[in-house]
Amino acid sequence: MSQKKRFQVFFTVFISAILFITSGLYAQVKSPVLSGKDKAIMFARQAEMKKSSPFKDMKWQFVGPTNISGRCTDVEAISPRGGNYTIWIGSATGGVWKSVNEGTTFEPVFDEMPTASIGDIAIDPVNPDVVWVGTGEANIFRSSNPGCGVFKTTDGGKTWNLTGLENTLTIGRIRINPRNTDIVYVAATGHEWTPNEDRGVFKTTDGGKTWSKVLYIDENTGVYDLVLDPKDPNTVYCTSWERIRLKWNDPRTFETTKNCGIWKSADGGKNWKKINQGLPAPNKLGRIGIDIARSNPRVLYAYVDNYEVASAAKPGELDSYGRQRRDVIKGATIYRSNNSGESWAQVSGLTPEQKTFMERHSATYGWVFGQIRVDPNDENTVYSMGLMLNQSTDGGKTFQSLRGPHVDHHGLWIDPANSNYLLNVQDGGLTISYDRGRTWKYPIKELPLIQFFNLAYDLSTPFRVFGSIQDHGSYYGVVDLSRGRDRVPAVEFYDILGGEGTTHTVSPADNNTIYASGFYGRLSRAEIDNYPASVKNLMPNMLPGEAPLRGDWVAPSLVSLHNPDIVYHGMQYLMRSADRGNTWEFISPDLSYNDPAKMGDISYQTISVFDESPLRYGLLYAGTDDGRIWRTKDGGKNWTEIRTGAVPTKFVSRIVASKYNIGTVYLTQTGRRDDDFQVYIWKSDDFGDTWQDISANIPAGPVNTIREDPVSKDILYAGTDGGVFVSKDGGKKWDVLGNLPFSYVHDLGIHPRDNMIIIATHGRGMWVMDANPINEKDKRRSQRFPGEAIE
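All of these numbers come straight from a predicted model, not from anything done at the bench.

Caption draft 1: View of the sheet that holds strand β41 (residues 607–612). Within the open sheet, the four strands sit side by side as β41-β42-β43-β44. Their pairing is antiparallel. Bordering the open sheet on either side are β41 and β44 (640–641), each of which pairs with just one other strand.

Written as C-alpha cells, this is what we have:
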C-alpha cells in the first residue's frame, strides 16, 4: 500500500473515531423535559414497560404506618348524606380515593395515572358517575408535586380519560355549570418553579373535548380559586396570584407585584373586570380564596393572605424552624362583599383578640392555605382553613378554632342538605363531623397516604425501619418476616427522634443509638430504648462572625462503616465527629456556590447528599442542592469538583460509592425544582473524573435515588417520581419492578442480612419486597462451599 493510500486509510479511521467519540459524548447531553404533554407520553411508555416487565408479578407489601394518614387537598361528596354515602378524596401525593360507605373503606381509583398529585375534584351535579380531577397540588409546599392536566371519568372512577391542559402542571379549582354540565371552568395555577403561559382560566363547552383560555394575565400569574353564581352560572368570580417559587425563598409579594386580585365575568368568561375595591394594594395581596353564599349569592367572602406588616420582627428572633423571624404580616384576612363583588370590607381581626388570632391563623406560610367556605344554608357561617379549621357564625367578625382534627387544613365539604355534616381534609387525612364541628370522627385509618421523606433501617431481629413524615415527625416500625417473606403485615409505627424532614442513621454497633437531623439539619442523638429521655443536641456553636450553618430540609448524616464512633453530617460544610457527635471538625469548605443573591428564608446552597466509600476510609463524595459535586480521597484535606461533561447543574438527589469497585460511584439528580421531568442517572468508574449516562430506557423522571444490590454488583435499583426500576446489567437496561401503584419513591434500601427491598414513598407509606427472586441470595447461600463468605 502506498504512503498516500495508508494516510487516506489512517485519516478515514481517525476521523471516524473522532466522530464516534464526539457523538458518544454529545449523546449524553440531555435537554430538560418541561412539557406536561411530554410527561404524560413518558408515563404511558412506563405503563407499557410495567405490563411487559419480567418482574411485573413481584409483590410490593405495604408495611405501614397503619396509624397515620397524610396530606389531602380536596374532599367532595354526594348530597344528601343518607341517600348516598359516597366520598371522594384528592390527596397531595397519593392519588384519588373513593368510598361508597362513608369512609368505612376506601378504594384507590387513580393508581395507573401519570401523576398522583391532586389539585381539585368536581362531581357532576346531574350524573355523579362523572367526576373531574385537576392534577397538580396548587399549595406549592416543600413537597408538592406537579400534575399533567385534567382527567375525567364517566363510570365512577373505573376508567379515566385525559382531557387536556397537561402543561398547567398545577390546578386550583374546577367548577361545573349545573345547568349545562358540559361547561366546565378550570382555575390553572401554573408551573411551581418556572414561568409558563398555561395559567389562568380555561373553559370547555363540550365536556372536555376542547378547551379555550378565557382569562390570561401573564406567564407568572395563575388563577387559584373560582366560583359560579348559583342563580346565574354565567357569572364567574376568580382570584389571581402573581408568583414564582424561588429555591431560596418562600412565595411572597414584591414591590413590583401588580396582578394579584379578584376578577368577575358576567358573560361566561368572555369579558372580565377587576373587582378589588376595598382590598389591599396588589403588591400586598398574596394567595386569595373565594366563596359565594348559595343562600344569598350577592354575598361573597374572600380569604386574603395579606402582606401588610402588622409588627416588625426583632433582630435575632427565630421562627419555629430556627430561621430569623420575618416581620409579622396581617396574614389571613377575611373580606366580605354584599353587592356581588363591587366592593369589599374587612370583617375579620377588628378586635385586639381577633387581630392576634388572625395573625397566627396561618403561621409563616399562608400561601399553603387560602381556602374558605360559606355554609350553603347560612350566609353568616363561614369556615377558614389555616393551621386549624376555623368557624365564624357572625359573618366573619369572630373566628374560633374547631378542635379535633390534625393541623394544616386544605379542604372542606358541607352537605347542602344538612349543614351539620362536614367533611374536612388536612395533612392528617380525612375527618368527619355530624354536629357542625363540635366533635369529629378522626382519624380515618383507611387512607394510607403517608408522605415519607427518607428511609433508614437497623440490624436488629426483626429489623426496624425509620423515616420522617410530612407534618407528623419521625417514626419507626418493625418488619416482621415470621409469617413468610411474602406475608409481611402492615403495622403501627412509633414516634422516634427527629422532625418531619429528617435523615436517620442507626449505629450498627448496638442497633440502639440513633442520629437524626431535624429541621434544616439540627442533628441530635438518642438511645431508642430510652427515647426521649436520652436526647442530646449535637450541633456545634459557631463563633461570632462565622457564617451560620445552613442545612437542607432533609440534611444528610452517616455513621461510618469503618468505625461506628465516627459520624458525618452535611450542612454547607461536611462535618466529622470521632466521638459520636460530641465534638466536631469541619472537613470541607463551603461546597455550595454560596451566592449571596440566593440567600433567603429557605435554607439553600447546602449539601444535599454525601457518601463514604465502604472500601476505603477517607474516600468521600458529596453533592449539593445547587448542583455541585465533589470528591476527597484523603478524608477532607483536599477536595476536587467532579461535575464534568454532560452532567447538568441540578439538585443532587443521591450519590453512592460502590461496595464492589473502589473507583465506581453512582449519581442521581432531580429536576423537580426546575419543573424538569428528565431522567438523570450517572455512573463513573474513575472516581468521578468522567461520567456515563446509565438512565437507558427509564422513560420518566425525576429520579430520587439509586442503590447497589448487596449480593450482585450488576444489579441496580432506582427510585423515581413514579415507581421503582431494576437493572441486572449495570444500567444498560431497566425494568419496572413489581406491582407498585404510581408512587413518589423518595428513598430505597436493601436490607443486607434479610435481603428485603425497602422503599419510602411520599404519599403511599413504606413498602417491602423479597429480593431473593432478583439476586437469588437464597440459592447462592445454599450452593456456596464451606468457608465461602456471602453478605
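Right, picking up where we left off after that structure.
Caption draft 2: Geometry of the sheet that holds strand β54 (residues 756–761). Pairing in this open sheet of four strands is antiparallel, and the strands run β1-β55-β54-β53 from one edge to the other. Bordering the open sheet on either side are β1 (61–64) and β53 (745–750), each of which pairs with just one other strand. Each neighbouring strand pair of the sheet contributes to a mean axis angle of 25°, computed without reference to strand direction. Here β53 pairs with β54 via five bridges, running antiparallel. Looking at the pairing, Leu748 lines up with Ile759 of β54.

Caption draft 3: Inspection of the environment of Ala555 at higher detail. Structurally, Ala555 can be placed in the loop between β36 (536–537) and β37 (557–559). For Ala555 and Asp120, which are 435 residues apart along the polypeptide, the C-alpha to C-alpha distance reads 32 Å. Leaving out residues up to four positions away in the same chain, Ala555 has contacts with Thr503, Ser517, Gly521, His569 and Gly570.

Caption draft 4: Representation of the side chain of Arg173 within the structure. Note that Arg173 resides in strand β10 (residues 171–176). Side chain to side chain, Arg173 and Asp120 meet in a polar contact 3.2 Å long. Not counting chain neighbours up to four residues away, the residues in contact with Arg173 comprise Asp120, Tyr185, Val186, Ala187, Tyr224, Asp225, Leu226, Gln371 and Arg373.

Caption draft 5: Looking closely at the packing of aromatic side chains. For the coordinates displayed, the defined rule picks out 22 aromatic pairs. With a centroid separation of 5.1 Å and 85° between ring planes, the pair formed by Phe110 and Trp160 is classed as edge-to-face. With Phe110 in the loop between β5 (107–108) and β6 (118–123) and Trp160 in the loop between β8 (150–153) and β9 (161–164), this pair connects stretches of sequence that are 50 residues apart. By relative accessible area, Phe110 is classed as buried at 2%. On the basis of relative accessibility, which here comes to 15%, the residue Trp160 falls in the buried class. Consider the rings of Phe453 and Trp553, whose centres lie 6.2 Å apart with planes at 75°: the pair is edge-to-face. Taken together, the residues span a long stretch of sequence, with Phe453 in the loop between β28 (429–433) and β29 (456–457) and Trp553 in the loop between β36 and β37 at a distance of 100 residues. On the basis of relative accessible area, Phe453 is assigned to the buried category, the value being 10%.

Caption draft 6: Inspection of empty space enclosed by the protein at higher detail. One pass over the structure, following the stated rule, counts five cavities of 30 Å³ or more. Looking at the largest cavity, its volume works out to about 90 Å³. In terms of lining, the largest cavity is formed by 13 residues, of which the most central are Lys39, Pro146, Phe677, Pro702 and Asp721.

Caption draft 7: Representation of the layout of surface pockets within the structure. Roughly 960 Å³ of internal volume is contained in the second largest pocket. Together, 30 residues line the second largest pocket, and Glu76, Ile123, Arg175, Arg294 and Trp413 are the ones closest to its centre. The set of elements that each furnish at least two residues to the lining of the second largest pocket consists of β2 (72–77), β6, β10, β14 (221–228), β18 (285–292), β22 (371–374) and β26 (409–415). In the lining of the second largest pocket, the residues fall into 20 nonpolar, one polar and nine charged.

Caption draft 8: The pattern of salt bridges, seen in detail. Scanning the model with the defined rule gives 33 salt bridges in all. As a salt-bridge pair, Glu359 and Lys355 come within 2.6 Å of each other at their nearest N and O atoms. Taken together, the positions of Glu359 and Lys355, both in helix α3 (residues 352–359) and four residues apart, correspond to about one turn of that helix. Here Glu359 falls in the buried class, since its relative accessible area comes to 17%. Asp689 is paired through a salt bridge with Arg631; the nearest N and O atoms lie 2.9 Å apart. Here Asp689, found in the loop between β47 (680–684) and β48 (692–693), pairs with Arg631, found in strand β43 (residues 629–632); they are 58 residues apart in sequence, far enough to count as distant.

Caption draft 9: Focus on the pairing of β6. Most of β6 sits out of view: six of its six residues are buried. The pairing of β6 with strand β7 (residues 131–135) spans five bridges and is classified as antiparallel. Counted as the bridge partner of Ile121 is Val133 from β7.

Caption draft 10: Fine view of helix α2 (residues 36–52). Taking 1.5 Å of rise per residue, the 17 residues of α2 would be expected to cover 24 Å, and the 25 Å separating its terminal C-alpha atoms lies within 8% of that figure. Within α2 the residues assigned to the buried category are Gly36, Lys39, Ala40, Met42, Phe43, Gln46, Met49 and Lys50. Contact partners of the buried residues in α2: β9, β51 (723–727) and β52 (735–736). Sitting at the head of α2, Ser35 places a side-chain oxygen 3.1 Å from the backbone nitrogen of Lys37.

Caption draft 11: Structural detail: the nonpolar core. Ranked by internal contacts, the top residues of the largest apolar core, which has 37 residues, are Trp60, Tyr717, Leu737, Ile757 and Ile774. When residues of this core are traced back to their parent elements, those giving at least two are β1, β30 (464–469), β51, β53, β54 and β55 (765–770). Element by element, the count of residues in this core is highest for β54, at five residues. Grouped together as the second largest cluster of nonpolar side chains are 36 residues, Trp241, Ile275, Val304 and Val347 included.

Caption draft 12: Up close: the environment of Asp225. By the element assignment, Asp225 lies in strand β14. When the C-alpha positions of Asp225 and Gly551 are compared, they lie 35 Å apart, and in sequence the two are 326 residues distant. Residues contacting Asp225, with those up to four places away along its chain left out, are Arg173, Arg175, Ala187, Tyr237, Cys238, Thr239, Ile288, Gly289, Ile290 and Gly370. At a separation of 2.8 Å, a polar atom in the side chain of Asp225 contacts the side chain of Arg173.

Caption draft 13: Spatial organisation of unusual backbone geometry. Of note, the amide linkage connecting Ser79 to Pro80 takes the cis form, showing an omega dihedral of 0°. The residue after Thr461, namely Pro462, is reached through a cis peptide bond having omega -5°. Take Pro462: it is sitting in the loop between β29 and β30. Positioned with a positive phi, Ser340 is a non-glycine residue whose angle comes to about 60°. Within the element layout of this structure, Ser340 appears in the loop between β20 (328–337) and β21 (345–346). According to the relative accessible area criterion, Ser340 is buried, its value standing at 12%. Not every positive phi belongs to a glycine, and Gln605 is a case in point at roughly 65°. Residue position: Gln605 is located in the loop between β40 (585–586) and β41. The buried category is assigned to Gln605, whose relative accessible area is 1%.

What counts, and at which threshold
The residue numbering used here restarts from 1 in each chain and proceeds along that chain's sequence as written. For this predicted model, a pLDDT threshold of at least 70 governs which residues receive local features, and a threshold of 80 or more governs which side-chain atom pairs are given and counted, while totals over whole chains, interfaces and linings are taken from all residues. Hydrogens and water are ignored here; the side-chain numbers use all heavy atoms of the structure. When DSSP finds two or more bridges between a pair of strands, those strands are recorded as paired. Starting at the N terminus, helices and strands are each numbered in turn, a helix being any DSSP run of H or I of at least four residues and a strand any DSSP run of E of at least two. Every axis in this analysis is a line fitted to C-alpha atoms, fitted for helices over the stretch in contact. Angles between the N-to-C directions lie between 0 and 180 degrees. The contact criterion used is simple: two residues touch if any of their non-hydrogen atoms lie within 4.5 Å. Polar contacts, as counted here, are pairs of nitrogen or oxygen atoms within 3.5 Å of one another; within protein the pair requires one atom able to donate a hydrogen and one able to accept it, and residues that are adjacent in sequence qualify only if both atoms are side-chain atoms. Classification of ring pairs uses Phe, Tyr and Trp, with its six-membered ring standing for Trp, and accepts pairs whose centres are within 6.5 Å; under 30 degrees between planes counts as stacked, over 60 as edge-to-face, and the remaining range as tilted. Three exposure classes are used, based on accessible area relative to the maximum for each residue type with a 1.4 Å probe and protein chains only: buried under 20%, partly exposed in between, and exposed over 50%. Of the two site types, the cavity is a set of points on a 1 Å grid over the protein atoms alone where a 1.4 Å probe fits but cannot get out, and the pocket is an open set with protein on both sides within 12 Å along at least five of seven lines, each lined by residues with an atom within 4 Å of a point. Grid points are joined across faces, edges and corners, and a volume is the space filled by probe spheres set on the points. Ten residues, namely Ala, Val, Leu, Ile, Met, Phe, Trp, Tyr, Cys and Pro, are considered nonpolar, four, namely Asp, Glu, Lys and Arg, are considered charged, and the remaining ones, Gly among them, are considered polar. Here a salt bridge means any side-chain nitrogen of Lys or Arg lying within 4 Å of a carboxyl oxygen belonging to Asp or Glu. Take the residue count of a helix, subtract one, and multiply by 1.5 Å to get its expected span. Working definition of a nonpolar core: buried Ala, Val, Leu, Ile, Met, Phe, Trp, Tyr and Cys residues. They are joined through side-chain atoms within 4.5 Å.

Geometric values such as these leave the question of function open.
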